[in-house]
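Close look at the chain arrangement
Chain by chain, the residues:
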Amino acid sequence: MPEKFVADLEHVREVTVSGTADLHYWRKRLQEEGLTPSETDGAARILLTAADARFRGVHFRELSVCVFAGDGAFLVQAFNSVRFFAWVERVIFKTPYTFARVAIDAAAIRSEMVEAHCGPRKAGPTEVDGFDGPVYLPNGRWFRAHIAGLTERIAFDPARDTFQTTLAPLLESRFTPREWHLRRDARHAKGNTLPRRA
């Protein structure tokens, strides 16, 4: 019997910037949550995902900032362009959402991939990829997330691409963008928020 999700969205357009950050910073930050950041080449792994979707006919955009931890990811902060959706996430599902104008960037984060005047970008092999696992929250809770879709991977080029942020955790941990993940037709699903087991 297929698992039931509280939200299950099809045809989501998604742009993700993956990168690395100071491992010591995130070890200290996640220690109070009882979590340990995942390590790649001595650094923590960070994902910033901007999504454009519809839920029950209402168009919205959202941006989430996650750090990989153990078998899942810790949701540091998230923004939604619909004030009511941000309220539902924050109050009903206990997630760290805030209302913001999101146009595949938010006031706190701006990133751009440049092709004009520089020629086409070389993408790696396009394959079905995503994330399926627990998303841990700052309040001792979690939910299951499922994200999947045909994914293009393109290296982040500091000479051509831009990334700016005012989010303290990204600045303090010296986040460095490494790769773009583009999904033009993805599925985003999430389960109920549940308390974590001791």
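Computed from a predicted model, the values in this text were never measured in an experiment.

Once that is clear, we can look at helix α2 (residues 83-92). Every buried residue of α2 is accounted for by Phe 85, Ala 86, Val 88 and Glu 89. Looking down the long axis of α2, one finds its buried residues gathered within 160° of arc, a one-sided arrangement. Residues of α2 that are exposed and point over 90 degrees away from its buried face: Arg 83 and Phe 84. For α2, the secondary structure elements touched by its buried residues are β3 (43-55), β4 (58-69), β5 (72-80), β6 (97-99) and β11 (176-190). Downstream of α2 by a residue or two, Lys 94 has a phi angle that is positive, lying close to 60°.

On to the pairing of β11. When strand β1 (residues 7-22) meets β11, the two strands line up antiparallel, connected through 11 bridges. Of the residues in β11, the one forming a bridge with Val 15 is Leu 182. As defined by bridge partners, strand β9 (residues 141-155) adjoins β11 across 8 bridges and the pair is classed as antiparallel. Paired with Arg 153 across the strands is His 181, a residue of β11.

In this section: the environment of Phe 156. Take Phe 156: it is sitting in the loop between β9 and β10 (162-165). Through-space distance from the C-alpha of Phe 156 to that of Gly 19 is 9.1 Å; in sequence the pair is 137 residues apart.

Turning to the confidence of the model for the chain, a few remarks are in order. Mean pLDDT over the chain: 87, with 86% of residues reaching 70 or higher. Within the model, pLDDT remains below 50 along residues 115-119, and this stretch shows 5 contacts once partners closer than five positions in the same chain are excluded.

Let us now look at the environment of Asp 129. For Asp 129, the location among the structural elements is in strand β8 (residues 127-136). Residues Asp 129 and Thr 151, spaced 22 residues apart in sequence, show a C-alpha to C-alpha distance of 5.9 Å. If we skip the residues at most four places from it in the chain, Asp 129 touches Ile 147, Ala 148, Gly 149, Thr 151, Arg 153 and Arg 183.

Conventions used here
Residues numbered from 1 in each chain as written. Predicted model: local features only at pLDDT ≥ 70, side-chain atom pairs only at ≥ 80, totals over all residues. Heavy atoms only, no water. Buried < 20%, exposed > 50% of the residue type's maximum accessible area, 1.4 Å probe, protein only. Helix = DSSP H or I, 4+ residues; strand = E, 2+ residues; numbered from the N terminus. Arc of directions from axis to C-beta. Contact = heavy atoms within 4.5 Å. Pairing = 2+ DSSP bridges. pLDDT = per-residue confidence, 0-100.

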